Each structure stands twice: as C-alpha cells, then as structure tokens.
Amino acid sequence: MADKEKKKKESIFDLSKYIDKHIRVKFQGGREASGVLKGFDPLLNLVLDGTTEYMRDPDDQYKLTEDTRQLGLVVCRGTSVVLICPQDGMEAIPNPFIQQQDG
Amino acid sequence: MIMAAVASTNPSQLLPLELVDKCIGSRIHIVMKNDKEIVGTLLGFDDFVNMVLEDVTEFEITPEGRRITKLDQILLNGNNITMLIPGGEGPEV
C-alpha cells in the first residue's frame, strides 16, 4: 500500500467544535468530569476549565450528586479518556432492558 | 513527539501539554485512575507524561483520606495518570 509510507495521524473527530462548550468526559477507572473545553491535542489530552469531578461510590453506582468536587483548570490525559460528549447531550432514562420475569 | 497533519488544531487554543509545561516549578496535583492522588512540585515530564516530582504527598481517597508523605524526588509512572491540576493542593482532608 503506497499510503502506508505517508500515513498521517488524522483525527476521525474534530473537537474544535466543542471549544468553549461544556462537555462531559468519562475515564477509565470510573471517574467522570465535566467542564469547558479550552484545548486539546491529537492524542486526546484535554484542557478543561471550571472542572467538576464526579466519583462513583461502590454503594451508589450511578449517584453522581454526592462526591462532586471543583477542580478548576485541569489537564485530562488522553490515554485515560473513554468518552466525550456535550454536557447536555445525555439524560438518565429508566432501564429499557428490564424484562418481565414469568413465575 | 507525534506531529499530526490535522490543520484544524488552531494555535489560539491552549494545548494540554503546554499547560503542564508551564506548571514546571510549581505545585501540581495528579489524580490517578484509581483512588490515589499525588501532590508535589513538578520538576519535569516526558512524552509519555511520566513525571518527576519533589516534596511529594500521596493521598488515598477511599479510606478516609489517609495520607503518606514522601520527600525528595519521585518518578511517577504516567500509565495511570487521569488528571493533572496545576497549582492544586490535593483533596481536602
């Protein structure tokens, strides 16, 4: 393949449209954070401003309201990022997978 | 250093590793993937964001914020780093 010679690292997703927007980031290990995206690089390292971190308690699982803390300006390691989405781009819904159990 | 051909990364925004570089010489608070956090003075870092820190305090978050204070210099393996907070003082305990 000729293009293996000049293989350039192209992002499949352009984060510049999220600059100065409020985004939510999930990490390996269960941490979640949200903040205003101030910068990024192709390795998906991020700069977030006014960051709020949510931690998942083993008892609460999805209760995020407890244990939030303000972190201010942070750098998020791209190697640890698993998901990025707009802050208002998601909502909690009732479990759609629950099936009726017969007897 | 991997240089990308993506032209859309404009120079007017803040690059993450530049922000870390500015923090050299100051206190920094590192949050790991697990419940461990490290606060220290940043002496330097490499392409993989392994970090050399000085005057380090190590925090365990789950067991009531236990604290282990280490002095001198450490090399922190960048494999497990999730967040870096320049000027951070660490968790409040």
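Everything that follows concerns the structure shown earlier in this document.
What counts as what
Residues numbered from 1 in each chain as written. Chains lettered and ligands numbered in written order. Predicted model: local features only at pLDDT ≥ 70, side-chain atom pairs only at ≥ 80, totals over all residues. Heavy atoms only, no water. Helix = DSSP H or I, 4+ residues; strand = E, 2+ residues; numbered from the N terminus. Buried < 20%, exposed > 50% of the residue type's maximum accessible area, 1.4 Å probe, protein only. Contact = heavy atoms within 4.5 Å. Areas by Shrake-Rupley, 256 points an atom, 1.4 Å probe, with all protein chains shown as cover. Buried area = accessible area lost by both parts, 1.4 Å probe. Salt bridge = Lys/Arg side-chain N within 4 Å of Asp/Glu carboxyl O. Phe/Tyr/Trp six-rings, centres within 6.5 Å; stacked < 30°, edge-to-face > 60°. Lys NZ or Arg CZ within 6 Å of the ring centre and 35° of its normal. Pairing = 2+ DSSP bridges.

Details of the overall build of chain A
Broken down by element type, chain A carries 0 helices and 5 strands. From first element to last, N terminus to C terminus, chain A shows the α and β order β-β-β-β-β. Across the 103 residues of chain A, 36% fall into the buried class. Considering only intrachain contacts with a sequence separation of at least 6, the fraction spanning at least 24 residues in chain A is 45%. Here chain A displays about 7,000 Å² of accessible surface, and carbon together with sulfur accounts for 51% of that area.

With respect to the interface of chain B and chain A
Interface size is often expressed as the accessible area that is lost when the parts come together. Counting from both sides, the interface comprises 31 residues of chain B and, opposite them, 32 residues of chain A. Summed over both sides, the interface between chain B and chain A buries roughly 2,500 Å², with carbon and sulfur atoms accounting for 64% of that surface. By the criterion of area lost to chain A, the three top residues of chain B are B:Pro16, B:Lys33 and B:Met83, representing 24% of everything that side buries. If you look at where chain B meets chain A, you find 1 salt bridge.

Side note on the packing of aromatic side chains
Residues and elements named next belong to chain A. Across all of its chains, the model carries 1 aromatic pair over all chains by this definition. A cation sits over an aromatic face here: lysine 17 above tyrosine 18, 5.9 Å from the ring centre. A cation over a ring is seen here: arginine 24 above tyrosine 54, with NZ or CZ 4.6 Å from the ring centre.

Notes on the pairing of strand S3 (residues 51-60) of chain B
All names here are of chain B. Counted residue by residue, S3 has 7 buried out of 10 residues, so it is predominantly covered. Judged from the 8 bridges that link them, strand S2 (residues 36-45) and S3 form a sheet pairing that is antiparallel. Directly across from leucine 42, in S3, lies its bridge partner leucine 53. What sits between the antiparallel neighbours S2 and S3 is a turn of 5 residues, in which valine 49 has the positive phi angle 55 degrees. Alignment of S3 against strand S5 (residues 73-76), held across 4 bridges, turns out to be antiparallel. Each bridged residue has a counterpart across the sheet, and for methionine 51 the counterpart in S5 is leucine 76.

So, the pattern of salt bridges
A side chain of one charge can pair with a side chain of the opposite charge when the charged atoms of the two come close. Considering all chains together, one arrives at 10 salt bridges over all chains under this definition. A salt bridge links A:Arg69 to A:Glu53; its shortest N-O distance comes to 2.8 Å. Of this pair, A:Arg69 sits in strand S4 (residues 68-76) while A:Glu53 sits in strand S3 (residues 46-54), and the two are 16 residues apart along the sequence. Here A:Arg69 matches A:Glu53 in class, with each residue buried. The partner of B:Lys36 in a salt bridge is B:Glu58, with the nearest N and O atoms 2.5 Å apart. Remark: B:Glu58 occurs in strand S3 and B:Lys36 occurs in strand S2; sequence separation between them is 22 residues.

Brief notes about the pairing of strand S6 (residues 81-86) of chain B
In terms of burial, S6(B) is largely enclosed, as 5 of its 6 residues are buried. Pairing between S4(A) and S6(B): 2 bridges, direction antiparallel. Note that in S6(B) the partner of A:Val75 across the bridge is B:Leu84. Two elements, strand S1 (residues 27-32) of chain B and S6(B), share 5 bridges in a ladder whose sense is antiparallel. Residue B:His29 lies in a different strand from S6(B), and its bridge partner there is B:Ile85.

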